Amino acid sequence: MQLSNEEEDYNLSLSKFESMLKTNKVLFFDSEEFEEIILHYLDTGKAALAKKALKLALDQHPKSTGLKLVQVEMLVYDDKLDIAEKLLNELYAIEPNNEEIYIQKANIYSKRDQHEKAVELLKIALQYTDDYADVYNLIGMEYLFMDNLELAKESFIKCLEEDIEDQSALYNVVYCFEFLDQNEEAITYLDHYIDKNPYSEIAWHQKGRLHYGLKDYENAIRAFDYATLIDDEFLGAFMEKAKALERLEKYDEAIESYKRTIELDDATSYALLRIGKCYEKLGNKVLALKFYNETVHEDPLLDKGWIAITDFYLREQNYQKALFYVNKALAIDNQNRFYWKRYASINRHMNFFEEAEFGFRKAVEFGDTELDTWLFWVDILQFLGEFESAIHTLLQAADYFPEENEIEYRLAGLYFMIQDNRKAKFHLSNALRLNFDNYILIEDLFPVVWSKKMVQNYIEKHKK
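Rules used throughout
- Residues numbered from 1 in each chain as written.
- Predicted model: local features only at pLDDT ≥ 70, side-chain atom pairs only at ≥ 80, totals over all residues.
- Heavy atoms only, no water.
- Phe/Tyr/Trp six-rings, centres within 6.5 Å; stacked < 30°, edge-to-face > 60°.
- Helix = DSSP H or I, 4+ residues; strand = E, 2+ residues; numbered from the N terminus.
- Buried < 20%, exposed > 50% of the residue type's maximum accessible area, 1.4 Å probe, protein only.
- Lys NZ or Arg CZ within 6 Å of the ring centre and 35° of its normal.
- UniProt positions renumbered as here; feature names shortened; annotations may be inferred.
- Expected span 1.5 Å × (residues − 1).
- Arc of directions from axis to C-beta.
- Contact = heavy atoms within 4.5 Å.

The protein chain goes by Tetratricopeptide repeat protein in an unreviewed UniProt entry, where it is assigned to Flavobacterium plantiphilum.

Given below as structure tokens:
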């Protein structure tokens, strides 16, 4: 690929400058060359070299406004805002019509969280600039800082009207539409944008994402197809397309699209996991397991991979294998509530009740507050004869589910079991009020309590 004359001159200037630094000879550069050299070092994170270049530049061109504006930029970068502002005021006295002065002043106000003032200055810059797109983009960013998404959206749209190829503005305008919950309006906007710029893979990709968010999977796939036709290495579009195909239960095509992402880049644990899920949906258990195993090999910390293998064996009722894999997962992360809940469920299926009780206790300890977790745990405590512990656990659960009849029926049954009839009747009354028909829980879970005439009479009384 041939370089343009400008690129060749730029590379030559850079080489010449770096050669000068090595030999300690002072060579002459015009002010624009220095500006490009300094900005290059800033862009590549080489602040020390940028400062060295700036010092040499100002020695050779002490009156250059362009270099002084670069100096301002570096001062702002270093948070030396007062010094930068003073220098800008001096420059303003010399060149009041220089748009870059207003832009840099706006940058200072933005750094001070005075975004309204920044916008005012940027609007003045619009009067003097030739690069409207850049200024509209900056205004849009200030409105984003102020959480004024509607005005931010308008500014980014104006930016794209000036420069249709500005990809950051395109992403930002879609972000604004989405944040404002205007997905359909965003699609309409992108349709108009695509009419003007039909080969924008970014626009097609964003359109696909929006259709996906609206569960319009057919149109999402169509948009992703266009994105990948324009750029056949657009990894994100292939990934999103695969997800949409999965939603439509087109598992073979989804696998093909996920595999394309692996061809384009190193395999991701997400893609491997989804391929495994697709194969399982297709009934190909051998390949499903192969990809689940590849998932955990690729990323042992991804809990979804271990959960996929464990759940696979749970569905197969192969509890020994399921326990083997969940134990491997716990060896890597023993504070994962999803692992502990599965550990508990597997042991419950295998009638290892003490291990199951321990698993449910750990799941809750590490943040699982789902109702079924509390209830499974309590039912096992009851089975083990630990009535007091079961009551204590249910009272904890009631903090999360204060009006849950299944908790109240269990509390009633347990209080009857420990002969605390006053509390038992209180909770039975609550339970019957919340869901009378569910009194069968007493019969199922507490047959000894159910057989009591007092309990039968109490239920019959509430029935009336």
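Picking up where we left off.
Turning our eyes to something else, we now look at the packing of aromatic side chains. Inspection of the entire model under this criterion finds 19 aromatic pairs. Ring plane angle 65° and centroid distance 6.5 Å describe the contact between Tyr292 and Phe312, whose orientation is recorded as edge-to-face. Here Phe312 lies in helix 18 (residues 303-315) and Tyr292 lies in helix 17 (residues 285-298), a separation of 20 residues in the sequence. Residue class for Phe312 comes out buried when judged on its relative accessible area of 4%. Geometrically, the ring pair formed by Phe353 and Phe383 is tilted, given 4.4 Å between the ring centres and 45° between the ring planes. One end of the pair, Phe353, is in helix 21 (residues 353-365); the other, Phe383, is in helix 22 (residues 371-383), with 30 residues separating them in the sequence. In this structure Phe383 comes out as exposed when scored by relative accessible area, which is 58%. Here a set of aromatic residues connected by ring pairs shows up, and it is made of Tyr292, Phe312, Tyr313, Phe324 and Tyr325. The ring centre of Tyr212 lies 5.5 Å from the NZ or CZ of Lys243, which sits over that ring. Above the face of the Phe376 ring, Arg348 is positioned so that its terminal group lies 4.0 Å from the ring centre.

Residues annotated by UniProt as "repeat: TPR" (unreviewed entry) correspond here to residues 133-166, 201-234, 235-268, 269-302 and 303-336. From the first C-alpha to the last, residues 269-302 spans 8 Å; its make-up is 79% helix and 0% strand.

Once that is clear, we can look at helix 7 (residues 115-128). Since the α-helix turns once every 3.6 residues, residues separated by three or four places project in the same direction. Between the first and last C-alpha of helix 7 there are 20 Å, a value that for 14 residues agrees with the 20 Å anticipated at 1.5 Å per step. Within helix 7, burial applies to His115, Ala118, Val119, Leu121, Leu122, Ala125 and Leu126. Viewed end-on, helix 7 has its buried residues packed into an arc of 165°, placing them on one side of the element. In helix 7, the exposed positions angled more than 90 degrees off the buried face are occupied by Glu116, Glu120 and Gln127. Those residues of helix 7 that are buried are in contact with helix 6 (99-111) and helix 8 (132-145).

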